[in-house]
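Survey of secondary and tertiary structure
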There are 2 protein chains.
Amino acid sequence: MLRAYMDRKGLRSTDQRKLIVETFFCADNHVSIEELLAQVRESDRRVGYATVYRTLKLLAECGVANERSFGDGLTRYELADEAAHHDHLICVECADIVEFEEPAVEELQERVARRYGFELRSHKHELYGVCPRCQAKRGGANGN
Amino acid sequence: MLRAYMDRKGLRSTDQRKLIVETFFCADNHVSIEELLAQVRESDRRVGYATVYRTLKLLAECGVANERSFGDGLTRYELADEAAHHDHLICVECADIVEFEEPAVEELQERVARRYGFELRSHKHELYGVCPRCQAKRGGANGN
DNA sequence: TTACGTGCAAATTTTTTGCATGCAC
DNA sequence: GTGCATGCAAAAAATTTGCACGTAA
């Protein structure tokens, strides 16, 4: 996918790009540019912020990565593949994250996209709530 | 909700806050600070950016508004109530946002939450893709 | 050789914050 | 009167971009 895109666009395969892409594939699921840069620099101290920035932009454009932001003021990137088949249940109290798969939702998404004429690329589906543990912790009291 | 929160926290009800909140309630569903400020200034030219910024932060804290970002580099705000029943289709090329409702998804969400013992509070569901217009725009020409 | 890619630093853009003054309570 | 709120402008953050030099093709 990336390969084809690069060929089509006449883009070059440089050491930096190879390193950044490889690092990104092995990194945590939601890295920021800064985080990724730090990891990249463990292998090659000379790589610049702008190169990581531009490479991730490239990955996002060709559909290999998705840009996301979680309200912490940073843009984060995730592998599109990984994202494709899991969604998240997030506890609003302890921030625990549980992944779930729900094929029926996937299918519904396709249907909605089709209804609006969209060519679906990716999705984000997050359910926020209180996990069982935190519910137990609260007992009868209600937070607000 | 806002009222209670403000009382509890000892916050004051000022003309600016009243105006900003009122404007926010009547505004488009995903306003940025800038957009909201412009509208607020139609009523009162002296209101500052920082006040709008701080007021929306306040609304977000007490649960009346949700902060969201759609990858266009701006933080946007939406009414929490409104958010409860619609989701978004977002064009990755022109950043256009279409709202949709899909009761079946809502129901599935409930089911998933129940399956994991979560007490559902809210959710985010965004489908990213290419809108019809941008597909057409690419038409015969190379999609790049 | 040609023109894309890189690194650096500067420029932009957006969000936050400090402070003197105003005003709700 | 007290202390939160406001407006302005400055500061921080984060993202983009210009440019001279390096290098894949």
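In short, a report on the structure. What you see as residue numbers is a count from 1 along each chain, following the sequence as written. Chain labels run from A onward and ligand labels from 1 onward, assigned in the order the entries are written. Restriction of local features to residues with pLDDT of at least 70 applies here, the model being predicted, together with a cutoff of 80 or more for giving and counting side-chain atom pairs; totals for whole chains, interfaces and linings are based on all residues. Side-chain measures here rest on the full set of heavy atoms in the structure, leaving out hydrogens and waters.

1. Topic: the protein's contact with DNA strand D
- Residues are classed as near a molecule or strand on a simple rule: at least one heavy atom within 4 Å of it. Close to DNA strand D lie 21 residues, the nearest being Tyr 53 of chain A together with Arg 12, Thr 14, Arg 17 and Thr 51 of chain B.
- Expressed as a percentage, the sugar and phosphate content of the atoms of DNA strand D within 4 Å of the protein is 69%.
- Tyr 49 of chain A is positioned with one of its side-chain polar atoms (N or O) 3.1 Å from a phosphate oxygen of DNA strand D.
- A distance of 3.4 Å is found between a phosphate oxygen of DNA strand D and a side-chain nitrogen or oxygen belonging to Lys 57 of chain A.
- In this description a helix means any DSSP run of H or I spanning at least four residues, a strand means any run of E spanning at least two, and both kinds are numbered starting from the N terminus. Put simply, the parts of the chain that give the surface near DNA strand D at least two residues each are helix H4 (49-61) of chain A together with helix H2 (15-26) and helix H4 (49-61) of chain B.
- Looking at the surface near DNA strand D element by element, the count peaks at five residues for H4 of chain A.
- As a working rule, the residues Ala, Val, Leu, Ile, Met, Phe, Trp, Tyr, Cys and Pro are called nonpolar, Asp, Glu, Lys and Arg charged, and the rest polar, with Gly in that last group. Across the surface near DNA strand D, the residue classes tally to seven nonpolar, seven polar and seven charged. Think of a polar contact as two N or O atoms within 3.5 Å of one another; within protein, one of them needs to be a possible hydrogen donor and the other a possible acceptor, and neighboring residues in sequence only count if both atoms come from side chains.

2. What to know about the sheet that holds strand S5 (residues 97-100) of chain A
- In spatial order, the strands read S5(A)-S4(A)-S6(A)-S6(B)-S4(B)-S5(B); together these six strands make up an open sheet with mixed pairing. The open sheet has two free edges, formed respectively by S5 of chain A together with strand S5 (97-100) of chain B, since each of these has just one partner strand. Neighbour-to-neighbour, the strand axes of the sheet open up by a mean angle of 20°, direction not taken into account.
- For strand S4 (residues 87-91) of chain A and strand S6 (residues 119-130) of chain A, the ladder comprises four bridges, and the chain directions are parallel. From the neighbouring strand, His 88 of chain A faces S6 of chain A, where its bridge partner is Glu 126 of chain A.
- Across the face of the sheet, helix H6 (residues 103-115) of chain A comes into contact with S4 and S6 of chain A together with strand S4 (87-91), S5 and strand S6 (119-130) of chain B while running at roughly 130° to S6 of chain A.
- The contact rule is simple, with two residues in contact once any of their heavy atoms fall within 4.5 Å. To get an axis, a line is fitted to the C-alpha atoms, and for a helix only the part in contact is used. The angle between two axes follows their N-to-C directions and goes from 0 to 180 degrees. Strands in contact with helix H6 (residues 103-115) of chain B are S4, S5 and S6 of chain A together with S6 of chain B; relative to S6 of chain B, the strand with the most contacts, it is inclined by about 130°. Strands qualify as paired when DSSP identifies two bridges or more between them.

3. Re the relation of the copies chain A and chain B
- Least squares is used to superpose the copies, and the fit set is the C-alpha atoms of residues whose pLDDT is at least 70 in both copies. Turning chain A through 177° and shifting it by 0.8 Å along the axis lays it on chain B, with an RMSD of 2.4 Å. In the structure described here, the two chain copies are related by an operation that fits a two-fold rotation axis. Distance from the rotation axis, computed per C-alpha, reaches its smallest value in chain A at His 125 of chain A: 2.6 Å.
- Comparing interface residues between copies, 95% of those in chain A also lie at the interface in chain B; the contact surface is shared.

4. Some thoughts on the interface of chain A and chain B
- Across the contact, 41 residues belong to chain A and 40 residues belong to chain B.
- Regarding the contact of chain A and chain B, the summed buried area is about 3,500 Å², with carbon and sulfur atoms giving 59% of it.
- When the buried surface of chain A facing chain B is broken down by residue, Phe 118, Lys 124 and Tyr 128 of chain A rank first, second and third, together holding 19% of it.
- Joining chain A to chain B, the criterion identifies 14 residue pairs in polar contact (both at pLDDT 80 or more).
- Those elements that provide at least two residues to the side of chain A that touches chain B are helix H1 (2-9), S4, S5, H6, S6 and helix H7 (132-138) of chain A.
- The element that contributes the greatest number of residues to the side of chain A that touches chain B is S6 of chain A, accounting for twelve residues.
- Considering only residue class, the side of chain A that touches chain B consists of 20 nonpolar, nine polar and twelve charged.
- Where S6 of chain A meets S6 of chain B, eleven bridges bridge the pair, whose relative direction is antiparallel. What sits directly across from Lys 124 of chain A, in S6 of chain B, is Glu 126 of chain B. Here the quantity called buried area is the total loss of accessible area, with a 1.4 Å probe, experienced by two parts when brought into contact, counted for both.

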